[in-house]
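Fold and geometry: a report
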Amino acid sequence: MTKYWLMKCEPSAYSIDDLKIDRTAEWEGVRNYQARNFLRDDMKTGDLAFYYHSNAKPSGIVGMMEIIKDGYPDAAALDPKNDYFDPKSTEEKPIWYRVDVRFIKKFSTTISLDDLRSHKGLEKMMVLKKGSRLSIQPVTKKEFNLIKEIYGH
């Protein structure tokens, strides 16, 4: 059964335009345990996700992508030269996980938090909750389809 997600990344680190060029990418560097659990335990090939630019002007949903590989250990955690290195993570006992994603589309405009707040049926989205900074968040099928319908995607 397809699940739906919102995945945040700063465009200065890796943008929707980068994914559009690359077509596929490893979604690495997640260093929050709850987000890691989503990657490791819940995300599956075929799931769909909104790509969210964080720390942008404006921040918001900028496109869609598909999960094309279930969660697997994040090798960046093992590389001392990598920004995402974690000396506690080992090949035998990995701590951090990643998934692979495939570009689906870039939206013509950014769907900001204010845009999302203005629509009935989206008020319970995790991204709209005060203090919600989690980089990977579940989205309900209803919310996912409503956003696609409202914004013509």
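Quick note: structure is the one above.
Residues numbered from 1 in each chain as written. Predicted model: local features only at pLDDT ≥ 70, side-chain atom pairs only at ≥ 80, totals over all residues. Heavy atoms only, no water.

**Focus: the environment of Ala77**
Here Ala77 shows up in the loop between β4 (60-73) and β5 (97-112). Once the C-alpha coordinates of Ala77 and Pro87 are considered, the two residues, 10 residues apart in sequence, prove to be 7.4 Å apart. Beyond its immediate chain neighbours, meaning those up to four positions away, Ala77 contacts Arg31, Tyr84, Phe85, Asp86, Ser89 and Trp96. (Helix = DSSP H or I, 4+ residues; strand = E, 2+ residues; numbered from the N terminus. Contact = heavy atoms within 4.5 Å.)

**Some details on the nonpolar core**
Grouped burial of nonpolar side chains is what soluble globular proteins tend to show. Core analysis: the largest hydrophobic core is formed by 24 residues, its most contacted members being Met7, Trp27, Tyr51, Val101 and Ile136. Those elements that place two or more of their residues in this core are β1 (4-9), α1 (16-22), β2 (24-27), α2 (33-42), β3 (48-53), β4 and β5. In terms of residue count, β5 provides more of this core than any other element does, 4 residues in total. Formed by 18 residues, the second largest nonpolar core is a distinct cluster that contains Phe107, Met125, Val139 and Phe144. (Core = buried A, V, L, I, M, F, W, Y, C linked by side-chain atoms within 4.5 Å. Buried < 20%, exposed > 50% of the residue type's maximum accessible area, 1.4 Å probe, protein only.)

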